Amino acid sequence: MIAIVVSRADSASAHIGERLLEVGDWEARKDGSLPDADGGGTYYRTEGFELREFDELHVDLDDPVDAFNCDPKFLAFVSRHSGETGKLLTAHVTGNFGGAEYGGESESLARAAPGAEKRVVEALAERAPEGYEVGIECTHHGPTDVSVPSLFVELGSDEPQWADPEAAAAVAQVVLDLRGTGADLVDGGAADDDAPDRPRHAVGFGGGHYAPRFTRIVRETEWAVGHVGADWALGDLGAPEANRDVIDAAFARSRADRAVIDGDRPDLAAVVADLGHRVVSETWVREVGDAPLPLVEELEDAVGPVDEGLRFGAIEPADPTGFAVRDLPADLLSRAQGLDADAAREAVASVAVAFDTEQGGARAAGEVAFASAPDAPGYADLVAALAEALETGYDAVRVLPKRSAVVARETAFDPGLAAERGVPEGPAFGRLADGEAVEVDGETIEPADVSQTRSDRFPIDAAALD
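These figures come from a predicted structure and were not determined experimentally.

A.B. asks: Please explain the overall build of the protein as it appears in this structure.
C.D. replies: The helix and strand inventory of the protein stands at 15 helices and 23 strands. Taken over the C-alpha trace, the protein has a radius of gyration of 31 Å; the compact-globule value for 466 residues is 23 Å, which it surpasses by more than 25%. Its C-alpha atoms put the protein at 110 × 45 × 45 Å along the principal axes. By residue count, 50% of the 466 residues in the protein fall in the buried class. Across the protein, the fraction of contacts at a sequence separation of at least 24, relative to all contacts at a separation of at least 6, is 69%. Taken as a whole, the protein presents about 20400 Å² of accessible surface, with 44% of it coming from carbon and sulfur. The centroid of the 39 positive side-chain charges in the protein is displaced by 3 Å from the centroid of its 91 negative side-chain charges.

Quick look at the structure:
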């Protein structure tokens, strides 16, 4: 079950609540054990959801979970967003890195629902009425004492939007789109009953209130973001070393062990590392994507960090240690990249588990990891693919294991030979280079007469071809 919290003191929340009840097959029930003001009286049930209404603003509620007649996976607070931000639909988790100006306890963070937040933002982007922006906000305001994961889903940013029936209906439908899901981001889109111990969550530190970097991660990658401590919140928190417990709580409450830091914060990064967590870049998050995290760790240990150039290929071994590392055929690869950099990189990626790169990930270089399974592609397949890439620049390309080389030959126009035959520079040179014969002083000069065959040899490890 997912618990939906509606506040009668919040006109947008009440409006979204009305739209929720218009959609789906809700059953009205009575709960006489609680006052109407505290979620009692009439409440509503439909498949996967229970909705209750409270008199107080959401930020002032003290663990509304106790009011619900179910065991919710998480709470969804439907709420207004207030600010000078125009038409905006947002989601965020709650807590206070520093003081508690708007509800909750100081230096206290609620249990986040990163997976639910990601699903909400993705659905808002699809359902938002024209003119509405979509994003996430940093962690701010209460409640902080919530016994299950929670998130706010908000309609903003002023009275015209709070009363907008199309926007309220969109938010309502987005909440119902959460049916059957849980608080965490689980590979394959499953519910959280089978959630891994380390879901694909990150903590965010730094940046502005509306968290553009972390919004990008949520909307454009396979990762979710839990708590986000914006610049202003970290300023309110104070020195990282003196507030290790709050920083550690951001990880625990997000079910995360990695953080992305927006900006240069070496003191914070040092505390994160000392607490046993890891700082990664946005590039790391994007490149890792949905790759199995145990495999990523093994590959970073064996080949090198993602932030220093490790990239992932098309092959995924069943065992995270089921790969072998060897050197890329440097000269062959370099020549193939010189002819067609994209094709050469794809040739490597198509047969590799992972490979090292240079130039910001644009060019493969260094080492490559191949799957160890007998039927998996390997070094021989890579050599064959790179040899094929050479064919765009040569007349003939052959893989010669006995000579431990790939040999490429091309026959090309030789201006020196043409000059020796009396061919004047200019258009005649061009025609010969294009394969046309020319006549000089009554003599026909064929292209073959003024061409030379050149061979290039690219070393390979012949023993690895077997």
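A.B. asks: I'm lost on the layout of surface pockets in this one. Help?
C.D. replies: The method is simple in principle: a probe with the dimensions of a water molecule rolls over the atoms, and the space it marks as empty is what remains. In this structure, the largest pocket spans a volume of roughly 530 Å³. Forming the boundary of the largest pocket are 27 residues, of which Val59, Tyr102, His140, His141 and Glu154 lie nearest the centre. Counting residues per element, the ones that place at least two in the lining of the largest pocket are β5 (74–82), β7 (95–96), β10 (150–157) and α6 (231–237). Ranked by residue count, the leading element in the lining of the largest pocket is β5, at 4 residues. Considered class by class, the residues forming the lining of the largest pocket number 9 nonpolar, 12 polar and 6 charged. A volume near 220 Å³ is recorded for the second largest pocket. For the lining of the second largest pocket, the secondary structure elements donating two or more residues are β16 (323–327), β18 (363–371) and α13 (379–390). Here the lining of the second largest pocket is composed, by residue class, of 11 nonpolar, 2 polar and 3 charged.

A.B. asks: What should I look at first to understand the sheet that holds β5 in this one?
C.D. replies: Hydrogen bonds between backbone atoms are what pair the strands of a sheet, whose relative direction is either parallel or antiparallel. A sheet is described by the order of its strands in space; here 8 strands give the open sequence β2-β3-β4-β1-β5-β10-β6-β9, paired in mixed fashion. In the strand order of this sheet, the two ends are held by β2 (27–31) and β9 (133–136), each with one partner. Adjacent strand axes in the sheet meet at a mean angle of 25 degrees when their direction is disregarded. Here strand β6 (residues 88–92) pairs with β9 via 4 bridges, running parallel. Residue pairing for β9: Ala91 is matched across the bridge by Ile136. The strands that helix α4 (residues 165–176) touches are β1 (2–7), β4 (49–54), β5, β6 and β10; relative to β10, the one it contacts most, it runs at about 165 degrees.

What counts, and where the lines are drawn
- Residues numbered from 1 in each chain as written.
- Predicted model: local features only at pLDDT ≥ 70, side-chain atom pairs only at ≥ 80, totals over all residues.
- Heavy atoms only, no water.
- Helix = DSSP H or I, 4+ residues; strand = E, 2+ residues; numbered from the N terminus.
- Rg over C-alpha atoms; globule rule 2.2 N^0.38 Å.
- Buried < 20%, exposed > 50% of the residue type's maximum accessible area, 1.4 Å probe, protein only.
- Contact = heavy atoms within 4.5 Å.
- Areas by Shrake-Rupley, 256 points an atom, 1.4 Å probe, with all protein chains shown as cover.
- Lys, Arg positive; Asp, Glu negative; His and termini not counted.
- Charge placed at Lys NZ, Arg CZ, Asp CG, Glu CD.
- 1 Å grid on protein atoms, 1.4 Å probe; cavity = no way out; pocket = protein on both sides within 12 Å on 5 of 7 lines; lining within 4 Å.
- Points joined across faces, edges and corners; volume = space filled by probe spheres on them.
- Nonpolar A, V, L, I, M, F, W, Y, C, P; charged D, E, K, R; others polar.
- Pairing = 2+ DSSP bridges.
- Axes fitted to C-alpha atoms, helices over the stretch in contact; angles between N-to-C directions.

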